[in-house]
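Residue-level structural notes
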Amino acid sequence: MKNKISKLVVALMAIFLLVLTNVASAYSVDYTYALNGNEGTYQIPYNRLIIAHDTGTYAPARNNAIFEKRTWLSNQAFVQYIVGDGGHVYKVGRDGNVSWGAGSWANANAPVQVELARTYSQAQFNIDYAVYVNLLRDSARTYGISTNLDTGYGIVGHKWVSDNVWGDHQDPYGYLASHGISKAQFAQDLKTGLPENGNYHPNNSSSIQQFKNAGNWYTINKPIRVDEVRYWRGCWQFVNYELAGGRDVNWDNNGIPLAIVTRTDGGDNDNVGKGAMVKFDSPWNTGTIDSYDPATNGVGVNYGKYGMIWFNADTLLKL
Ligand SMILES: [Zn+2]
């Protein structure tokens, strides 16, 4: 029996690994605009860097690939891959030959350079970014290069080259930050890889991060349904299940004093029962969040004499 179980575990682990492997290599490469054999360079670089760029303009990856294919020589600029358009990977230069993306020293030390095309769409970015991260990781692995970021031996942003060697380009950190990806997050993602289905949500798209981005301000202006009423800790309180983050209510954390709300359904404020609609009174309807609990997606507001009340961040954001 014991043996049976361990066989099952091994089988499950194998499936799990298979899934992980598939996730990591989900993207496919489009060779439509790849340089021909008589284009680009045949110089062999040192296997020291994989260089991460962004294109600097809000244009489709395909347009960038077409442009580099047409102007690689006249403009003296091309890289191996351009990622964008919803996880599309366009090949331009040959892997393992010098490309012209970051100045002569960096080019001579990079078997692969990758451009990320810009988009204003967060949903598209989530997919493009995941593919970009995985392609950078795969390129590093192919050439025995570290996935550490910006150490000078591994994956580096173009900015690292400007800061340490030559040039003034600052990409890709400003663009990544515009979609909520810090350099630290990028470094972390390069270590782990990402699922390419867009289900990866950068920290900034979480409700908690949106509150933080808004200077911790919250408002509760919409009417809320009273789902339960209870006399608790010396005062009448109610809960709304959605605002409490579920039916598993903790009255110390999630109870809202009836004293700070008013009915919006025309009913008697001194007789509030299940199903009544209420709204927060001023000044309780706006302020700053005092505490965050990412583990439960909770945000805490200190209501003075009523203590800290915890809300589900997703629900509070909609109110
Ligand atoms: Zn660059």
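This report concerns the structure included in the present document. Everything numeric here is computed off the predicted structure, so don't read it as measured data. (Residues numbered from 1 in each chain as written. Predicted model: local features only at pLDDT ≥ 70, side-chain atom pairs only at ≥ 80, totals over all residues. Heavy atoms only, no water.)

**Focus on the side chain of Thr147**
Its location among the elements puts Thr147 in the loop between helix 4 (122–142) and strand 6 (154–157). At a separation of 3.2 Å, a polar atom in the side chain of Thr147 contacts the side chain of Lys191. Setting aside its immediate chain neighbours within four residues, Thr147 contacts Arg137, Ala140, Ile155, Leu190 and Lys191. (Helix = DSSP H or I, 4+ residues; strand = E, 2+ residues; numbered from the N terminus. Polar contact = N/O pair within 3.5 Å; in protein donor to acceptor, adjacent residues only side chain to side chain. Contact = heavy atoms within 4.5 Å.)

**Observations concerning the nonpolar core**
In terms of nonpolar packing, the biggest core is built from 28 residues, with Val83, Val114, Tyr129, Tyr132, Leu136, Leu176 and Phe186 touching the most fellow members. For this core, the secondary structure elements donating two or more residues are strand 2 (49–54), strand 3 (81–84), strand 5 (112–116), helix 4, helix 6 (173–178) and helix 7 (183–192). With nine residues, the single largest contributor to this core is helix 4. Discounting chain neighbours no more than four positions away, the residues touching Phe186 are Ala52, Tyr129, Tyr132, Val133, Leu136, Leu149, Tyr173, Leu176 and Ile181. In this structure, Phe238, Val272, Phe280 and Val301 belong to the second largest nonpolar core, which totals 25 residues. (Core = buried A, V, L, I, M, F, W, Y, C linked by side-chain atoms within 4.5 Å. Buried < 20%, exposed > 50% of the residue type's maximum accessible area, 1.4 Å probe, protein only.)

**Points about a nonpolar patch on the surface**
On the surface, Trp105, Val165 and Trp166 cluster together into a nonpolar patch covering about 320 Å² of accessible area. One can find Trp105 in helix 3 (residues 104–107). Classification of Trp105 as partly exposed rests on a relative accessible area of 33%. (Patch = residues over 30% accessible without salt bridge, like charges linked within 9 Å, V, L, I, M, F, W, Y side chains within 5 Å. Areas by Shrake-Rupley, 256 points an atom, 1.4 Å probe, with all protein chains shown as cover. Salt bridge = Lys/Arg side-chain N within 4 Å of Asp/Glu carboxyl O.)

**Section: the layout of surface pockets**
Taken as a whole, the largest pocket encloses approximately 440 Å³ of empty space. Glu68, Ala77, Gly101, Glu115 and His169 are, among the 23 residues lining the largest pocket, the residues nearest its centre. Elements represented by at least two residues in the lining of the largest pocket include exactly strand 2 and helix 2 (61–76). Among the elements that make up the lining of the largest pocket, the one with the highest residue count is helix 2 (five residues). Partitioning the lining of the largest pocket into residue classes produces seven nonpolar, eleven polar and five charged. By volume, the second largest pocket amounts to about 260 Å³. The wall of the second largest pocket is formed by 15 residues, among which Ala244, Gly245, Asn254, Thr296 and Trp310 lie closest to the centre. Where the lining of the second largest pocket is concerned, the elements lending two or more residues are helix 9 (241–244), helix 10 (251–254) and strand 17 (308–312). With three residues, the top contributor of residues to the lining of the second largest pocket is strand 17. A class-by-class count of the residues in the lining of the second largest pocket yields four nonpolar, nine polar and two charged. (1 Å grid on protein atoms, 1.4 Å probe; cavity = no way out; pocket = protein on both sides within 12 Å on 5 of 7 lines; lining within 4 Å. Points joined across faces, edges and corners; volume = space filled by probe spheres on them. Nonpolar A, V, L, I, M, F, W, Y, C, P; charged D, E, K, R; others polar.)

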